[in-house]
Amino acid sequence: MYDVDLTSAISEIKRLKARIIALQVPEGMKKRAYQIAEDIESKAGVEVLVVAEPCFGACDVPSSLFDIVDAIVNVGHSPIPSLRFSKPLIFVPARSNVPLGDQLKKSVGLIQEPVGVLATSQHLMDLDDVIEGLENMGIKTRIGEGDSRISHAGEVLGCNFTSATSIAKEVNSYLLIGSGTFHALGVHLATGKKVVILDPNLEEPREIDQAKDKILRQRHAVIEKAERARTFGIIVGEKLGQRRMRRAKELRKLLRWKKKDAALILMDKFDPEKLRSLGFDAYVSTACPRIAIDDVAVYDKPLLTPQELEIVLGVRKWENYSFDQMTEDEL
Ligand code: SF4
């Protein structure tokens, strides 16, 4: 389903004179990692280590890799320009080869123009075709610039919707190319506008109402449970692109002001067993905002986002619920 062109990565590996590199591949493409590694080894003359740990974004680089390899090849994500790593990261786009024309025609009845066009990292290369297709059908479009965590106009990350919020006043709805509902719901909560998804894995464009109700019900239940907590662990992500120490300290200050016990915890890979053994009544994650939402079912202790903690402590209203974002001024 995805085309991977290694040409420029191979030139870059040769230019760097790298001897050993790490290869990070998203979960959905892991079975192709062996093939990609073989291609790189034979064409660039370099040793390749396939990283088994899941990779959910350009920020998701295990710190240990920097001591082991000369460079890291990351497939299927785009760079986060504001991040500086100690070894070169080489990004290889994975282009979806599923045509979106039929879905695009069907989406016209669902969107209101002007429409903001967005894509997740894996579908950035479809943006121009979708905009052209909409304009050929007489639909007015807009594309927004994000902050310095965003490498491409129109791109949304699970932790950053600034390409959408930057044009919120100019559009009446959004069309988002991507799979799943997380990004679309994040854009909807950040802007209050309707979001329609063009998902290459499906045949019909999708609205988010059902997923929104389900996720908000889950989050409400987690918040209610956390309201009974007395002790809170505030988790700081160990990965460079998810390390929000300042935000974590602000939350600790807020908790102590509200007479709750709070401690900072450093964590790389999240695991319910680690939280169980630490023994706090509830946790707040300042690392990747997706973890608390996507993995809600695996945690028996409440795992909150910073905005959800604010609701628990009465400094934000449930009506102002939004997904957590990592913006340029935080990292
Ligand atoms: S923090 Fe999470 S959502 Fe943001 S880029 Fe990293 S993996 Fe993706």
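Definitions and cut-offs
Residues numbered from 1 in each chain as written. Predicted model: local features only at pLDDT ≥ 70, side-chain atom pairs only at ≥ 80, totals over all residues. Helix = DSSP H or I, 4+ residues; strand = E, 2+ residues; numbered from the N terminus. Buried ≥ 20, exposed ≤ 12 C-beta atoms within 10 Å, placed from the backbone. Near = placed C-beta within 6 Å. Nonpolar A, V, L, I, M, F, W, Y, C, P; charged D, E, K, R; others polar. Pairing = 2+ DSSP bridges. Right-handed = clockwise from strand over helix to strand, strands pointing away. Axes fitted to C-alpha atoms, helices over the stretch in contact; angles between N-to-C directions. Contact = placed C-beta atoms within 7 Å.

The linkage connecting Glu113 with the following residue, Pro114, adopts the cis geometry, with an omega of -5°. Its place among the elements puts Pro114 in the loop between helix H4 (101–107) and strand E7 (115–119). With a phi close to 55°, Lys17 is a non-glycine residue in the positive phi region. With respect to the element layout, Lys17 can be found in the loop between helix H1 (7–16) and strand E2 (20–24). What makes Lys17 exposed here is the crowd of 9 C-beta atoms within 10 Å. A positive phi angle, close to 65°, is found at Lys259, a residue other than glycine. Tracing the backbone shows Lys259 in the loop between helix H9 (245–257) and strand E12 (261–267).

Lining the immediate environment of the ligand, one finds 13 residues, of which Gly57, Cys59, Gly158, Cys159 and Cys288 sit closest. Residue composition of the shell around the ligand, by class: seven nonpolar, four polar and two charged.

For strand E9 (residues 173–177), the buried fraction is high: four of the five residues fall into the buried class. Where E7 and E9 come together, five bridges link them in parallel fashion. Looking across to E9, one finds that Ala119 is bridged to Ile177. As judged from the five bridges shared by E9 and strand E10 (residues 194–198), these two strands associate in the parallel manner. In the sheet register, Leu175 faces E10, and the bridge partner there is Val196. Following the backbone out of E9, through helix H7 (residues 182–191) and into the adjacent parallel E10, one traces a crossover that is right-handed.

For the rest of this paragraph, the subject is the sheet that holds strand E5 (residues 89–92). Spatially, four strands are ordered E3-E2-E4-E5 in an open sheet, and the strand pairing comes out parallel. The two strands at the open ends of the sheet, each matched to only one other strand, are strand E3 (47–50) and E5. Looking at each pair of strands side by side, their axes are set apart by 25° on average, direction ignored. Across four bridges, the pairing between E2 and E3 is parallel. Opposite Leu23, over in E3, you have Val50 as the bridge partner. Sitting on the sheet, H1 touches E2, strand E4 (71–75) and E5, and the angle it makes with E5 is about 165°. Helix H2 (residues 33–44) contacts E2, E3 and E4 of the sheet and is inclined by roughly 165° relative to E3.

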